[in-house]
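An overview of the molecular structure
Here is how the chains run, residue by residue.
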Amino acid sequence: MEIRNLYDINRNLCEQTVEKGQPIPFGLRIVCVCAVIVNSNNELLIQKRVPSKNGKFGLTSGHPKLGESSKDGMLTELHEELGIIIPPDELHLFHSELHDEESFRDLYYYKKDFDPSILKYQAEEVEFAKWATLEEISELFRNTMFCHTHYADLQKYIAYITSQN
């Protein structure tokens, strides 16, 4: 049983919690996290979800568990889904927002070169992962094979990187 923290509209931690899969109480929110992993060729690591999780391509994402900070939750998801351990100081928050009526969304990036063959996939979540160009991801999105929310997250990453130059 996975338990998640709940927050008020101002992102103050509440005493109340919610079990994964249960309805989020009205007026409260959970935190969603997502990571953009990019290599020195400006390719992005995308993962293909298992059929029971919609079978689409997307980014590594999830929800912090009870007691985890947003960043700790993202580090946990990267370890659980891909088998990688990232030093906390190499994972960078670039965007945080009130996403919808039930969630906040925190977006992170991590820059690293590695061969995807080193990854160890969480069998219940991920079929495989690979490096892809933005053009390849856009094509997957046009063919409804890339998660809509994660595509929007990538657009926010591109806007962030562009603003830094």
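Per chain, residue numbering runs from 1 following the sequence as it is written. Thresholds applied to this predicted model are a pLDDT of at least 70 for local features of residues and 80 or more for the giving and counting of side-chain atom pairs; totals over whole chains, interfaces and linings are not thresholded and use all residues. Side-chain measures here rest on the full set of heavy atoms in the structure, leaving out hydrogens and waters.

Next up on the list: the side chain of Ser 70. Along the chain, the position of Ser 70 falls in helix H1 (residues 70–82). Any pair of nitrogen or oxygen atoms within 3.5 Å is treated as a polar contact; in protein, a donor-acceptor pairing is required on top of that, and neighbouring residues in sequence qualify only through side-chain atoms on both sides. Reaching out from Ser 70, the side chain makes a polar contact with the side chain of Tyr 108 at a distance of 2.6 Å. Any two residues whose heavy atoms approach within 4.5 Å at even a single point are treated as in contact. Not counting residues up to four positions away in its chain, the partners in contact with Ser 70 are Arg 11, Val 31, Val 33, Pro 64, Asp 106 and Tyr 108. Only DSSP runs of H or I covering at least 4 residues are called helices, and only runs of E covering at least 2 are called strands; the numbering of each starts at the N terminus.

This part covers the packing of aromatic side chains. Any two of the Phe, Tyr and Trp rings considered here, Trp counted by its six-membered ring, make a pair once their centres fall within 6.5 Å; the pair's planes then place it as stacked at under 30 degrees, edge-to-face at over 60, or tilted in between. In total, this model carries nine aromatic pairs according to the counting rule given. Taking the centre distance of 6.2 Å and the plane angle of 50° together, the rings of Phe 94 and Tyr 109 count as tilted. Here the residue Phe 94 occupies a position in strand S7 (residues 92–100), and Tyr 109 occupies one in strand S8 (residues 103–111), the gap between them amounting to 15 residues. The same class applies to Phe 94 and to Tyr 109, which are both buried. Relative accessibility under 20% of the residue-type maximum defines a buried residue, over 50% an exposed one, and the middle range a partly exposed one, all with a 1.4 Å probe and only protein chains included.

Further remarks concern H1. Multiplying 1.5 Å by the helix residue count minus one yields the expected span of that helix. Taking 1.5 Å as the rise per residue, H1 with 13 residues should run 18 Å; its terminal C-alpha atoms sit 18 Å apart, in good agreement. Listed as buried for H1 are Ser 70, Gly 73, Met 74, Leu 75, Glu 77, Leu 78, Glu 81 and Leu 82. Contact partners of the buried residues in H1: strand S3 (30–38), strand S4 (44–49), strand S6 (60–62), S8 and strand S9 (126–132). Remark: Gly 83 follows H1 within two positions and exhibits a positive phi of approximately 75°.

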